[in-house]
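# Summary of structural features
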Amino acid sequence: MPITIMPVQGDFVARVTGVDLRQPLSAEDRDAIVRACDAFGVLVFPGQLLEKEELVAFGHAFGEVDTTLQTKLLNHVQNRLGMDTITDISNVDAEGQVAGPEHWQTITTIGNRFWHSDGSYKHQPIRYSILNAVTAVERGGETQYADLRAAYDDLDPVTRDWIADKVGQFWSHNTRDMLKIPDTEAERSAFPKARWPLVRVHPGSGRKVLWCDSKTYAIEGLPLPEARALVHDLIEHIGQREHVYSHHWTSGDLVMADNRCTVHRGRRFDHSERREMRRVETTDDSLSLGEAA
């Protein structure tokens, strides 16, 4: 059965069938997936509940799998899955039980409700985020994805000109600070701030992107209050309904997103209900979107 790629909403998000991700990808299927992700930004693969090793192998087909978030931060709390190559995006504690409301794992899922691109705060950024649903909740818990290319295209000319040469500083703990999460100084300094232009070119499609998310701590050359107000306005613009796809999870869904042209956020759900997701991330060439000068 040949691989089939069906657009979901225009040129943003596509549904992919006709491929078994538990098996090694053929070169043809791998290339077709890369081309589709370049074009659509987000790919949805239904009915693909993978074992941990299979999920990592799928990620490896697209580059080096990142381990820095696990080794620098998450393993200090728990490593329930026992692999540095997989991040546990769940409200589940180390013993496999639903975590309480004050548990670090639960609090982290709350921090994910802000628009962000995985690894935007890293000097070696993330190209693909691959999220696989093990257990989905009945209500809520969606993941929303926004198209940074469409967001740039829809900017008014005055704002587009004003931000053309602006540089943002991105910090891993920006949203956690806003939420008053009591992280240690070692955790807060695990990733030094990264500098990225607010306007970059997505190499997969050749389109410009509005590069701004909840990790944008400051904008160089602007007073901090003005910078943060601008960041708020830009994120509000990015999250407009016409730029957004909302994925309602079913167990076995796998979603692959290109962080170079998308942001995403989780939505609220009842934390007494088990929600178990696994994520693999691949690294990218830090020059692919252009570093700040």
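Relevant structure appears above.
The following refers to the structure shown. (Residues numbered from 1 in each chain as written. Predicted model: local features only at pLDDT ≥ 70, side-chain atom pairs only at ≥ 80, totals over all residues. Heavy atoms only, no water.)

Glancing now at helix α2 (residues 52-60). Where α2 is concerned, the buried positions are L55, V56, F58 and G59. Taken around the axis of α2, the buried residues stretch over an arc of 160°, which confines them to a single face. (Buried < 20%, exposed > 50% of the residue type's maximum accessible area, 1.4 Å probe, protein only. Helix = DSSP H or I, 4+ residues; strand = E, 2+ residues; numbered from the N terminus. Arc of directions from axis to C-beta.)

If you walk across this open sheet you meet the three strands as β8-β7-β11, and the pairing is antiparallel. With partners counted over all chains shown, the strands left at the sheet margins are β8 (194-197) and β11 (216-219), one partner each. Direction aside, the axes of adjacent strands within the sheet are offset by 35° on average. Sheet analysis places strand β7 (residues 167-170) next to β8, joined by four bridges and oriented antiparallel. Residue pairing in the sheet places G168 in a bridge with W196 of β8. (Pairing = 2+ DSSP bridges. Axes fitted to C-alpha atoms, helices over the stretch in contact; angles between N-to-C directions.)

Let us now look at empty space enclosed by the protein. Taken as a whole, this structure holds four cavities of 30 Å³ or more when the rule is applied. What the second largest cavity holds in volume is close to 250 Å³. The wall of the second largest cavity is formed by 21 residues, among which I89, N112, L131, T143 and G266 lie closest to the centre. Contributions of two or more residues to the lining of the second largest cavity are made by β5 (126-135), β6 (143-147) and β14 (262-266). Broken down by element, the residue count for the lining of the second largest cavity peaks at three residues, all from β14. Its residues assigned to classes, the lining of the second largest cavity shows five nonpolar, nine polar and seven charged. (1 Å grid on protein atoms, 1.4 Å probe; cavity = no way out; pocket = protein on both sides within 12 Å on 5 of 7 lines; lining within 4 Å. Points joined across faces, edges and corners; volume = space filled by probe spheres on them. Nonpolar A, V, L, I, M, F, W, Y, C, P; charged D, E, K, R; others polar.)

Counting 32 residues, the largest nonpolar core has I163, L210, I219, L234 and I238 as the members making the most contacts within it. Those elements that place two or more of their residues in this core are α5 (148-153), β8, β10 (208-210) and α9 (224-238). The element best represented in this core is α9, accounting for six residues. Among the nonpolar cores identified, the runner-up in size contains 25 residues, and V65, M83, L254 and M256 belong to it. (Core = buried A, V, L, I, M, F, W, Y, C linked by side-chain atoms within 4.5 Å.)

So, on to the pattern of salt bridges. Taken as a whole, this structure holds 20 salt bridges when the rule is applied. In this structure, D88 engages R80 in a salt bridge whose closest nitrogen and oxygen atoms are separated by 2.9 Å. With a relative accessible area of 12%, D88 lands in the buried category. Given the relative accessible area of 22%, R80 is considered partly exposed. (Salt bridge = Lys/Arg side-chain N within 4 Å of Asp/Glu carboxyl O.)

Roughly 360 Å³ of internal volume is contained in the largest pocket. Together, 14 residues line the largest pocket, and M178, S214, V231, H232 and I235 are the ones closest to its centre. Of all the secondary-structure elements, those providing two or more residues to the lining of the largest pocket are α7 (174-178) and α9. Here the lining of the largest pocket takes five residues from α9, the largest share from any one element. A per-class count over the lining of the largest pocket returns five nonpolar, four polar and five charged.

Nothing here speaks to function; it is all geometry.
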